[in-house]
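# Topology and contacts: notes
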Amino acid sequence: MQDNTDITPQIIEAIKDKKGKKIVVIDLSDIDSASTGKLIICQGNSTSQVSAIADSVREEVQKTTKIKPYNYEGYRNSQWIVIDYGNIMVHVFLPDYRNFYNLEALWNDAPVECLPDED
């Protein structure tokens, strides 16, 4: 990340704003082999919703903190979009792709916070 600002609240708010579901925050800060400090994972029900969630995250974080992602990838198919903020990686999936890649199981030795869905 460009500075030490914790942008987790802005990311979660942006996901919820576009009705993203099954939000999970994985704290990787104590895992030496992790390339980032935190993963935020969520899902949308369609490729257009996945794109809208990712756009919302990028726009909200930049608007409120002036922080831009280092990189983002996956808009071509919008089945899995990842946004790299350095210390935080945001993953927005379609449900089938989320189940297939199962990042939560990959990092099951890290603390996981599952946020309740909002209707």
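Structure first, text after, so check above.
Note that the structure is a prediction, hence the values are computed from the model and not measured. (Residues numbered from 1 in each chain as written. Predicted model: local features only at pLDDT ≥ 70, side-chain atom pairs only at ≥ 80, totals over all residues. Heavy atoms only, no water.)

Position of Asp-96 among the secondary structure elements: in helix 3 (residues 95-101). Taking the C-alpha atoms as reference points, Asp-96 and Asn-45, 51 residues apart in sequence, are found 9.7 Å from one another. (Helix = DSSP H or I, 4+ residues; strand = E, 2+ residues; numbered from the N terminus.)

On to the sheet that holds strand 3 (residues 71-73), then. Strand order in the open sheet formed by six strands is 3-4-5-2-1-6, with mixed pairing between adjacent strands. Every other strand in the sheet has two partners, leaving strand 3 and strand 6 (112-114) as the edge strands with one partner each. If you compare each strand with its neighbour and ignore which way they point, the axes differ by 15° on average. With three bridges joining them, strand 1 (residues 21-27) and strand 6 adopt antiparallel strand pairing. Across the sheet, the residue bridging to Val-24 is Cys-114, located in strand 6. Contacts from helix 1 (residues 8-17) reach strand 1, strand 2 (38-43) and strand 5 (88-93) within the one sheet, and its direction differs from that of strand 2 by about 5°. Packing against the sheet, helix 2 (residues 47-65) makes contact with strand 2, strand 3, strand 4 (80-84) and strand 5, and its axis sits at approximately 10° to strand 4. (Pairing = 2+ DSSP bridges. Axes fitted to C-alpha atoms, helices over the stretch in contact; angles between N-to-C directions. Contact = heavy atoms within 4.5 Å.)

Attention now goes to the packing of aromatic side chains. To describe a pair of aromatic rings, you give the distance between the ring centres and the angle between the ring planes. Scanning all chains against the criterion turns up four aromatic pairs. Between Tyr-72 and Tyr-75 the ring centres are 5.8 Å apart and the planes differ by 80°, which places this aromatic pair in the edge-to-face class. Summarising the aromatic geometry, the rings of Phe-100 and Tyr-101 are spaced 4.9 Å apart at their centres and angled 90° between planes, so their arrangement reads as edge-to-face. Residue Phe-100 is classed as exposed on the basis of its relative accessible area, which comes to 64%. On the basis of relative accessible area, Tyr-101 is assigned to the partly exposed category, the value being 38%. (Phe/Tyr/Trp six-rings, centres within 6.5 Å; stacked < 30°, edge-to-face > 60°. Buried < 20%, exposed > 50% of the residue type's maximum accessible area, 1.4 Å probe, protein only.)

Soluble, globular proteins show a tendency: their nonpolar side chains are buried together. Membership of the largest hydrophobic core comes to 23 residues, with the highest contact counts inside it found for Ile-11, Ile-15, Val-57, Tyr-85 and Val-90. Elements represented by at least two residues in this core include exactly helix 1, strand 1, strand 2, helix 2, strand 4 and strand 5. The element best represented in this core is helix 2, accounting for five residues. (Core = buried A, V, L, I, M, F, W, Y, C linked by side-chain atoms within 4.5 Å.)

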